[in-house]
Amino acid sequence: MTGRRIIRLGFCNLALAILLALNSEVLASDPAAPSVDPAEALNRLKAGNERFVQGKVGDHKSVLDQRTATAQGQHPFAIIVACADSRVAPEIVFDQGLGDLFVVRTAGNLVDDHALGSIEYAVEHLGALCIVVLGHQRCGAVTAALEGGSAPGHINSLVRDIQPAVAASKDKPGDALTNAIHENDAEVAAKIRKEAELGDLASKVQVVEGYYNLDTGKVELKEH
Ligand SMILES: [Zn+2]
């Protein structure tokens, strides 16, 4: 093989590598998508939750249109870190459609490395700048942590990670469970602010604590 041919093959491989890299970047991030300002994102969430509270939800384009519109790319305007509780589905309580919210859910709305990686991806590649940590009334995971002791299997890792919030809130006046839920929200939000690696976008991101009231459907958002 001649030297010129080797060089030409090398160039082809380089060109292919660049093409693949560009293509995967386009698929991953879709740079044409404008980011929604956190204040605007919070307004959309508040308006959607108000519709949910009033029971006037679902005034979206059809699910078929939503599916078609989002099939080739996603541009969620907010990240919701919610408890996995079946009654706290963010798309429903904020009355949003397919592709509107990037949702990370675990019992107790905890964040581990996988959750932090998911958040970083949504910020850096999808342009979502508003993060809501959504705890809720009568959370079973926080209740288990409040009761103390150890839980079976991997449930114990949830309880263990919530117990610092229980300890930090134990002397506060009022309902111990509600206080622990709020403290857990605050600690998870603080962890995201401290540990999520968001690069230049860190200063543009807003992390907000939310508390969902099962009785009323209302989400209280605590903006700092
Ligand atoms: Zn819960």
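The preceding data block contains the structure.
Student: What is the right way to look at the overall build of the protein chain in this model?
Tutor: Looking only at helices and strands, one finds eight helices and five strands in the protein chain. Taken from N to C terminus, the helices and strands of the protein chain fall in the order α-α-α-β-α-β-α-β-α-α-α-β-β. Evaluated residue by residue, the protein chain yields a buried proportion of 39% over its 224 residues. Across the protein chain, every contact between residues at least 6 apart in sequence was considered, and the portion connecting residues at least 24 apart equals 69%. Approximately 12,500 Å² of the protein chain is accessible, and the part contributed by carbon and sulfur atoms is 56%.

Student: Quick question: what am I supposed to make of the coordination of the zinc ion here?
Tutor: Any two of four tetrahedral donors ideally make an angle of 109.5 degrees at the metal, while pairs among six octahedral donors ideally make 90 or 180 degrees. For the zinc ion, the full set of protein donor atoms is C83 (SG), H136 (NE2) and C139 (SG), at a range of 2.0 to 2.3 Å. Each donor residue of the zinc ion belongs to the same chain, and together they define the spacing C-x52-H-x2-C. Linking C83 in strand β1 (residues 78–83) with C139 in the loop between β3 (130–136) and α6 (140–147), this pair joins segments that are 56 residues apart in sequence. An identical accessibility class is assigned to C83 and C139; each is buried.

Student: Just to check I follow, could you spell out unusual backbone geometry for this structure?
Tutor: Trans peptide bonds make up the majority, and among non-glycine residues the majority have a negative phi. The phi torsion at N109 lies on the positive side, around 40 degrees, for a residue other than glycine. Here N109 lies in the loop between β2 (101–106) and α5 (113–126). For N109, a relative accessible area of 2% translates into the label buried. Non-glycine residue R138 carries a positive phi angle of around 55 degrees. Assignment of secondary structure puts R138 in the loop between β3 and α6.

Student: I tried to follow the sheet that holds β1 on my own but got confused; where do I start?
Tutor: Strand pairing in a sheet takes place through backbone hydrogen bonds and is either antiparallel or parallel in direction. One open sheet accounts for five strands, arranged β2-β1-β3-β4-β5; its pairing is mixed. The sheet is open, and its two borders are formed by β2 and β5 (219–222), each paired with just one other strand. Taking each pair of neighbouring strands and ignoring which way they run, the sheet shows an average axis angle of 25 degrees. Sheet analysis places β1 next to β3, joined by four bridges and oriented parallel. Bridging across to β3, A82 finds its partner in L134. The sheet contacts of α5 involve β1, β2 and β3, and relative to β2 the element is tilted by about 175 degrees.

Student: In this structure, what is going on with the packing of helix α7 (residues 155–169) against helix α8 (residues 176–195)? I would like to understand it.
Tutor: When two helices pack together, their arrangement is captured by the angle between the axes and the distance separating the axes. At a minimum axis separation of 8 Å, α7 and α8 run at an interaxial angle of 120 degrees. In terms of orientation, α7 and α8 fall into the oblique class. The handedness of the crossing between α7 and α8 comes out as right-handed. Between α7 and α8, the residues in contact are I162, P164, A165, V166, A168 and S169 and N179, A180, E183, N184 and E187, respectively. A class-by-class count of the residues in the contact of α7 with α8 yields six nonpolar, three polar and two charged.

Student: Is there a simple way to think about the environment of A89 in this case?
Tutor: Position of A89 relative to the elements: it lies in the loop between β1 and α4 (90–93). With a relative accessible area of 16%, A89 lands in the buried category. In this structure the C-alpha to C-alpha distance between A89 and R105, which are 16 residues apart in sequence, comes to 9.3 Å.

Student: So what exactly am I meant to see when it comes to the pattern of salt bridges here?
Tutor: A side chain of one charge can pair with a side chain of the opposite charge when the charged atoms of the two come close. Taken as a whole, this structure holds eleven salt bridges when the rule is applied. Between K172 and E183 there is a salt bridge whose closest N-O contact spans 3.4 Å. Residue K172 is found in the loop between α7 and α8, and its partner E183 is found in helix α8; the two are separated by eleven residues along the sequence. Residue classification places K172 among the partly exposed residues on the basis of a relative accessible area of 42%. A single salt-bridge network, built from bridges that share partners, covers R193, E209 and K222.

Student: How should the environment of G99 be read in this particular structure?
Tutor: Relative to the helices and strands, G99 resides in the loop between α4 and β2. C-alpha separation for the pair G99 and T70, spaced 29 residues apart in sequence, amounts to 6.2 Å. With residues up to four places along the chain from it excluded, the contact list for G99 reads T70, H75 and P76.

What counts, and where the lines are drawn
- Residues numbered from 1 in each chain as written.
- Predicted model: local features only at pLDDT ≥ 70, side-chain atom pairs only at ≥ 80, totals over all residues.
- Heavy atoms only, no water.
- Helix = DSSP H or I, 4+ residues; strand = E, 2+ residues; numbered from the N terminus.
- Buried < 20%, exposed > 50% of the residue type's maximum accessible area, 1.4 Å probe, protein only.
- Contact = heavy atoms within 4.5 Å.
- Areas by Shrake-Rupley, 256 points an atom, 1.4 Å probe, with all protein chains shown as cover.
- Donors = N, O, S within 2.8 Å, 3.2 Å for Na, K, Ca; no water.
- Pairing = 2+ DSSP bridges.
- Axes fitted to C-alpha atoms, helices over the stretch in contact; angles between N-to-C directions.
- Parallel < 35°, antiparallel > 145°, perpendicular 65-115°, else oblique.
- Left-handed = near helix turned anticlockwise from the far one by under 90°.
- Nonpolar A, V, L, I, M, F, W, Y, C, P; charged D, E, K, R; others polar.
- Salt bridge = Lys/Arg side-chain N within 4 Å of Asp/Glu carboxyl O.

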